[in-house]
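Here are the chains, one letter per residue:
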Amino acid sequence: MNKKITVIPGDGIGKEVVEGALQVLNVVAKKFSHQFEYEFALAGGAALDAAGIPLPEATLTSARSSDAVLLGAVGGPKWDANPQHLKPERALLGLRKELGLYANIRPAKIYSALVDASSLKKEVVEGVDIIVVRELTGGLYFGKPSGFEQRNGEEVGFNTMLYSESEVRRIARSAFEIARKRSKKVCSVDKANVLETSQLWRKVVIESAKEFPDVELSHMYVDNCSMQLIRNPKQFDVIVTENLFGDILSDEAAMLTGSIGMLASASLGGSVAMYEPVHGSAPDIAGQNKANPIATIASVAMMLKYSFGLSAESDAIENAIEKVLSAGFRTGDIHTEGMTLLGTKEMTAKIIESI
Ligand code: IPM
Ligand code: MG
């Protein structure tokens, strides 16, 4: 198989973890006789420094003409004070919107070797296997109008939470399709006791569910869901929710597993999908060989499966990660007593050895 991948390392630890993931991909390519060609592109702070804008047209052109996009992370204190349109995060939002990536798939699965890394009790988190399906191109992140203006002699900031029926229907369908391949349970999370957008959301999700009579649908308010995720996370299988709720709940779900440094994500819906770790650019540990590369390596495994249909290759990576963790190797974020502490490079090498 011959595939072109647009690689956007981005900022902070993004560069290090992407480097590790590409090394893993190269080993998989060799072992299974595939050819992966990488086209490097700039986004976020790196693009601001080089080109003065967070998302250069060249990056979008590359992404649109490739078979998949791998992104590290964007952002850092250097650009935090930039005006809104010149913040590194705009690159991420621009890529999602321009590539039509409305379905963000964020699995939060506990690796059995890591149950002790969670801040929750072992019996609460053991066996947790959740997929958060986050709507990614609508809601408060993109609703118009938004901005700042003067009202009654003072400055106000405002955003619009808006969802159309078609936007809700397509993400609901994505969630039902995913649930069909798992335990056939979807929990739709909203705030329908207060918000009109949520009332529409709930109505459309219920309508869409009729196309999937084999899937069991439940509803939960977002505040309750954030509590239930801590109280009894095993009650969840697929969670579907709007953009901002999904942003928050997916971090919470990720942390159940002990570290956000473990969690991969796929953004689907357009003609080319994007894969990225759930974590950010972690400027405090950037360039120190401390970052956990597993989330990005697992993201590449998702790419192989979802974009290229290469399940055996994807499983080879997943199994290698399991093996290395079971053998007691850890990066700093998941390190516990008695385990062997490794840096980014050493962890990558261990995973490669196990493929
Ligand atoms: C995420 C991040 C982004 C988001 C930021 C960096 C724009 O938190 O992917 O979850 O809010 O979507
Ligand atoms: Mg987030």
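Just so we're clear, the structure is a prediction, and the values are computed from it rather than from any experiment.

(A) Spotlight on the state of the cysteines. All told, the structure shown has zero disulfides when counted by the stated rule. For Cys225, which is in no disulfide, the shortest distance to another cysteine sulfur is to Cys187 and amounts to 5.8 Å. Exposure remark for Cys225: the relative accessible area of 0% places this residue in the buried category.

(B) Representation of empty space enclosed by the protein in the model. In the structure shown here, the tally under the stated rule is two cavities of 30 Å³ or more. The volume enclosed by the largest cavity comes to roughly 40 Å³. Met161, Tyr163, Val189, Asp190, Thr197, Ser198, Trp201, Glu242 and Phe245 are the residues that line the largest cavity. Contributing elements (two or more residues each) for the lining of the largest cavity: β8 (185-190) and α7 (196-209). Of all the elements, α7 adds the most residues to the lining of the largest cavity, at three residues.

(C) View of the pairing of strand β3 (residues 68-73). A large share of β3 lies buried, amounting to six of its six residues. Two strands pair when backbone bridges link them, and β3 and strand β12 (residues 273-277) are joined in this way by three bridges, in the parallel orientation. Considered in β12, the bridge of Ala68 is made with Ala273.

(D) Focus on helix α3 (residues 57-64). Listing the buried residues of α3 in full gives Thr59, Leu60, Ser62 and Ala63. Along the axis of α3, the buried positions cluster into a sector of 160°, meaning they face one direction only. Opposite its buried face, α3 presents the exposed residues Glu57 and Ala58, each directed more than 90 degrees away.

(E) Local environment of the environment of Ser281. Note on placement: Ser281 falls in the loop between β12 and α10 (294-306). Filtering out sequence-adjacent residues up to four positions away, Ser281 remains in contact with Asp11, Gly12, Ile13, Ala73, Val74, Gly75 and Gly76. Here the side chain of Ser281 touches Gly75 through a polar contact of 2.7 Å, landing on its backbone oxygen.

(F) Spatial organisation of the nonpolar core. Residues Leu70, Ile105, Val133, Tyr275, Ile317, Ile321 and Ile351 are the most contacted members of the largest nonpolar core, which totals 86 residues. Residue contributions to this core peak at eight residues, all from α10. Two domains share this core, each providing at least three of its residues, namely domain 1 (1-102 + 269-355) and domain 2 (106-258). Those residues within four positions of Val133 in sequence are excluded, and the remaining contacts are Asn104, Ile105, Ile171, Ala175, Ile178, Val238, Ile239, Val240 and Thr241. If you look at the next biggest cluster of nonpolar residues, it comprises 16 residues, including Val69, Val74, Leu95 and Val272.

(G) Examining the packing of aromatic side chains more closely. This structure, assessed with the given rule, holds three aromatic pairs. When the ring of Phe36 is compared with that of Phe308, the centres are 6.0 Å apart and the planes differ by 25°; the resulting orientation is stacked. Taken together, the positions of Phe36 in strand β2 (residues 35-40) and Phe308 in the loop between α10 and α11 (311-326) put the pair 272 residues apart, joining distant regions of the chain. With a centroid separation of 5.0 Å and 25° between ring planes, the pair formed by Phe176 and Phe212 is classed as stacked. With Phe176 in helix α6 (residues 165-180) and Phe212 in the loop between α7 and β9 (216-221), this residue pair connects regions lying 36 residues apart in the sequence. Residue Phe176 shares its accessibility class with Phe212, and that shared class is buried. Against the face of Phe158 rests Arg151, its NZ or CZ located 5.0 Å from the ring centre. When the ring centre of Tyr102 is taken as reference, the NZ or CZ atom of Arg170 above it lies at 4.1 Å.

What counts and how
- Residues numbered from 1 in each chain as written.
- Chains lettered and ligands numbered in written order.
- Predicted model: local features only at pLDDT ≥ 70, side-chain atom pairs only at ≥ 80, totals over all residues.
- Heavy atoms only, no water.
- Disulfide = S-S within 2.5 Å.
- Buried < 20%, exposed > 50% of the residue type's maximum accessible area, 1.4 Å probe, protein only.
- 1 Å grid on protein atoms, 1.4 Å probe; cavity = no way out; pocket = protein on both sides within 12 Å on 5 of 7 lines; lining within 4 Å.
- Points joined across faces, edges and corners; volume = space filled by probe spheres on them.
- Helix = DSSP H or I, 4+ residues; strand = E, 2+ residues; numbered from the N terminus.
- Pairing = 2+ DSSP bridges.
- Arc of directions from axis to C-beta.
- Contact = heavy atoms within 4.5 Å.
- Polar contact = N/O pair within 3.5 Å; in protein donor to acceptor, adjacent residues only side chain to side chain.
- Core = buried A, V, L, I, M, F, W, Y, C linked by side-chain atoms within 4.5 Å.
- Domains from an automatic or database assignment.
- Phe/Tyr/Trp six-rings, centres within 6.5 Å; stacked < 30°, edge-to-face > 60°.
- Lys NZ or Arg CZ within 6 Å of the ring centre and 35° of its normal.

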